[in-house]
Amino acid sequence: MKKKLVLIGNGMAGVNAIEQLLKLAPNAYEITVFGGEPHPNYNRILLSSVLAGDADMKDIVINDWDWYKDNGITLHAGHPVTKIDTARKVVQTSTGITAAYDDLIIATGSLPFMLPLPGADKEGVIAFRDIQDCQTMIEASKKYKKAVVIGGGLLGLEAARGLRNLNMEVSVVHIFKYLMERQLDETASLMLQKELEKQGMRFLLEKNTDSILGKKRVTGVRFKDGAEVEADLVVMAVGIRPNVALAKESGIEVNRGIVVNDYMETNVPHVYSVGECAEHRGVAYGLVAPLYEQGGELAKRLAGVESAGYQGSVVSTKLKVSGVNVFSAGQFTDEPGTRAVRVQDDFEGVYKKVVIKDGKVIGSVLFGDTSDGSRLFAMIRGRRGRHGQGKADPARRQRGRRREVRPGLCSGDGKRRDRLRL
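Remember, it's a predicted structure, so these values are computed and weren't measured experimentally. (Residues numbered from 1 in each chain as written. Predicted model: local features only at pLDDT ≥ 70, side-chain atom pairs only at ≥ 80, totals over all residues. Heavy atoms only, no water.)

(A) A look at the overall build of the chain. Along the chain, the regular secondary structure elements total 10 helices and 27 strands. The C-alpha radius of gyration of the chain comes to 24 Å, within 12% of the 22 Å expected for a compact globule of 422 residues. A burial count over the chain gives 48% of its 422 residues as buried. Restricting to contacts in the chain with at least 6 residues of sequence separation, those with at least 24 account for 59%. (Helix = DSSP H or I, 4+ residues; strand = E, 2+ residues; numbered from the N terminus. Rg over C-alpha atoms; globule rule 2.2 N^0.38 Å. Buried < 20%, exposed > 50% of the residue type's maximum accessible area, 1.4 Å probe, protein only. Contact = heavy atoms within 4.5 Å.)

(B) Main features of the sheet that holds strand S24 (residues 324-330). The strand order across the open sheet formed by five strands is S23-S24-S27-S26-S25, and the pairing between neighbours is antiparallel. Two strands close off the open sheet at either side, each with one partner strand: strand S23 (316-321) and strand S25 (339-345). The average angle at which neighbouring strand axes cross in this sheet is 10 degrees, direction not considered. Examined bridge by bridge, S24 and strand S27 (residues 360-367) share five bridges and lie antiparallel to one another. Residue pairing across strands places Gly 330 opposite Gly 363, the latter belonging to S27. (Pairing = 2+ DSSP bridges. Axes fitted to C-alpha atoms, helices over the stretch in contact; angles between N-to-C directions.)

(C) Focus on the pattern of salt bridges. Overall, the coordinates contain 22 salt bridges when judged by the stated rule. Close ionic contact of Asp 85 with Arg 88 constitutes a salt bridge, the shortest N to O distance being 3.6 Å. In this structure Arg 88 comes out as exposed when scored by relative accessible area, which is 60%. For Arg 301, the salt bridge goes to Glu 265, with nearest N and O atoms at 3.3 Å. Of this pair, Arg 301 sits in helix H9 (residues 288-303) while Glu 265 sits in the loop between strand S20 (258-260) and strand S21 (271-273), and the two are 36 residues apart along the sequence. With a relative accessible area of 21%, Glu 265 lands in the partly exposed category. Each of Asp 185, Asp 334, Arg 342 and Lys 353 takes part in one network of salt bridges that share partners. (Salt bridge = Lys/Arg side-chain N within 4 Å of Asp/Glu carboxyl O.)

(D) Representation of the sheet that holds strand S17 (residues 228-230) in the model. Spatially, S15-S16-S17 is the arrangement adopted by the three strands of the open sheet, whose pairing is antiparallel. In this open sheet, the two edge strands, each paired with only one partner strand, are strand S15 (209-214) and S17. Averaged over all pairs of adjacent strands, the angle between strand axes in this sheet comes to 20 degrees, irrespective of strand direction. In this sheet, S17 lies alongside strand S16 (residues 218-223) in antiparallel orientation, the contact comprising three bridges. In the sheet register, Gly 220 faces S17, and the bridge partner there is Glu 230.

(E) Layout of the packing of aromatic side chains. Going through the model one piece at a time under the given rule, you end up with two aromatic pairs. Seen in terms of ring centroids, Trp 67 and Tyr 68 are 5.0 Å apart; in terms of plane orientation they differ by 85 degrees. Their pairing is edge-to-face. Accessibility expressed as a relative area gives 17% for Trp 67, which makes it buried. Judged by centre distance (6.2 Å) and plane angle (75 degrees), the rings of Tyr 285 and Tyr 310 are edge-to-face. On the criterion of sequence distance, the pair formed by Tyr 285 in the loop between strand S22 (278-280) and H9 and Tyr 310 in the loop between H9 and S23 is long-range, its members being 25 residues apart. Considered together, Tyr 285 and Tyr 310 belong to a single accessibility category, that of buried residues. (Phe/Tyr/Trp six-rings, centres within 6.5 Å; stacked < 30°, edge-to-face > 60°.)

(F) Just the pairing of strand S14 (residues 202-205), in detail. Here strand S13 (residues 169-174) runs beside S14; their pairing, made up of four bridges, is parallel. If you follow Val 172 over to S14, its bridge partner there is Phe 203. On the question of chirality, the crossover connecting S13 to the parallel S14 by way of helix H7 (residues 186-198) is right-handed. (Right-handed = clockwise from strand over helix to strand, strands pointing away.)

(G) Representation of the confidence of the model for the chain. Per-residue pLDDT for the chain has a mean of 89; in total, 91% of the residues score no lower than 70. Taken as a whole, residues 384-422 scores under 50 in pLDDT and shows 77 contacts with residues more than four places along the chain or in a different chain. (pLDDT = per-residue confidence, 0-100.)

(H) Local environment of the environment of Val 315. Turning to its location among the elements, Val 315 is positioned in the loop between H9 and S23. On a C-alpha basis, the gap between Val 315 and Leu 204 in space is 29 Å, while along the polypeptide they are 111 residues apart. The residues touching Val 315, leaving out its near neighbours within four places in the chain, are Tyr 285, Leu 287, Pro 290, Ala 329, Gly 330 and Phe 377.

(I) Fine view of the nonpolar core. Core analysis: the biggest nonpolar cluster contains 40 residues, and Leu 157, Leu 163, Leu 192, Leu 233 and Val 235 have the highest contact counts within it. In this structure, Leu 157 is in contact with Gly 151, Gly 152, Val 172, Leu 179, Met 180, Leu 192, Leu 196, Met 201, Phe 203, Val 321 and Ser 322, ignoring residues within four places of it in sequence. Ranked by size, the runner-up nonpolar core spans 30 residues in total, among them Leu 5, Leu 7, Leu 21 and Ala 25. (Core = buried A, V, L, I, M, F, W, Y, C linked by side-chain atoms within 4.5 Å.)

(J) Fine view of H9. Counted at 1.5 Å a residue, the expected span for H9 with its 16 residues is 22 Å, and the 22 Å between its end C-alpha atoms agrees. All buried positions along H9 are accounted for by Pro 290, Leu 291, Gln 294, Gly 295, Gly 296, Glu 297, Leu 298, Ala 299 and Leu 302. Looking at the buried side of H9, the elements it contacts are strand S1 (3-8), helix H1 (12-24), strand S2 (29-35), strand S9 (103-106), S21 and S22. Just beyond H9, the residue with positive phi is Gly 304, at close to 80 degrees. (Expected span 1.5 Å × (residues − 1).)

(K) Broad picture of H7. Between its terminal C-alpha atoms H7 stretches 19 Å, which fits the 18 Å expected from 13 residues at 1.5 Å a residue. Considered for burial, the residues of H7 that qualify are Ala 188, Ser 189, Met 191, Leu 192, Gln 193 and Leu 196. Gly 200 sits one or two positions beyond H7 and adopts a positive phi of about 100 degrees.

(L) A look at the side chain of Asn 10. The topology assignment puts Asn 10 in the loop between S1 and H1. The exposure class assigned to Asn 10 is buried, which follows from its relative accessible area of 12%. In terms of polar contacts, Asn 10 uses its side chain to reach the backbone carbonyl oxygen of His 39, at 3.2 Å. Excluding residues that lie within four positions of it along the chain, Asn 10 makes contacts with Val 15, Val 33, Phe 34, Gly 35, His 39, Pro 40, Asn 41, Tyr 68 and Leu 75. (Polar contact = N/O pair within 3.5 Å; in protein donor to acceptor, adjacent residues only side chain to side chain.)

Set out below in structure tokens:
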């Protein structure tokens, strides 16, 4: 007789764990999935493409309705779970649906962080997290023209790009001195900013938002320094926080996220957690690769396959931001005891930086040309020596007509080097 497995959360992390479990033990469980949104499993990363008009809902679906049927999975889409009875091993939704379980996976993801500003409850102030947010922005662009995005991280820039494609005037507000400070160093960030400014975006950096202006609907944003900017739409993209309320109310241990061990087990027997809501060894990950690694370990646990457990992840980011390729991994900032090799070509818009400590590559930032990203990431993960395997350098020679033009990186005779080893 099959055991009953319930998954709370129909997002990327939880469903990926189910996919991996089906490969290992296709007949071990009777599976039920609950999702808060009335959609099948979709790729949240591609929401910016929907907003930009490059894709619609069907294009970003990962597992369509038929996938659930074909795998014998009962899906309750649009039925958020509001109660977990860990003693009776039963979950209940806000719509009155109940389901018993032998094993339970909590994959409730994260929630957008909304700044608690005066006026933040006005019409036209939204987050950028799901399909509904995309639809709200698309509808707003038909009536209004001035948009302000609060947050100059990846999510904020994706929202800004989409709004520009909807022919809105976009101002991006960021509290820090440069954009995407978690993924880029200052040089790469400034290069990105220049490129985005060419695309029509405006940036208000080192600005601390004070309040949202307007009566019923937003009309502008005021900053702590007294400056103001007009706005018909305000999108807050200032970060996410693990969605842990349900777990906490159910007596499951919660810190920043739902606390799990190396096998993704919570402190309650037969209750597991993966994804942005989970906290492993003090870290709650927000990138897809670590969440899929977690799902793989959980699948092995549920299938009875021996494993060493999840050991944590070295994260990397490889993205295309408004048409520009960027990559970063490891410790890419300059710290005491580190040395960095940089290649910068302002003519072709290419920047490469490799950070080395104790003869080993520990971090990298690439802008414009990210072809070396995979190899560098492998070196960072393995903490291999500076020359990796054999005599290979941590980045390829610059090819073709790319030239190093930064002062101080000339050969002994003073001539500019057409090819520079990183």
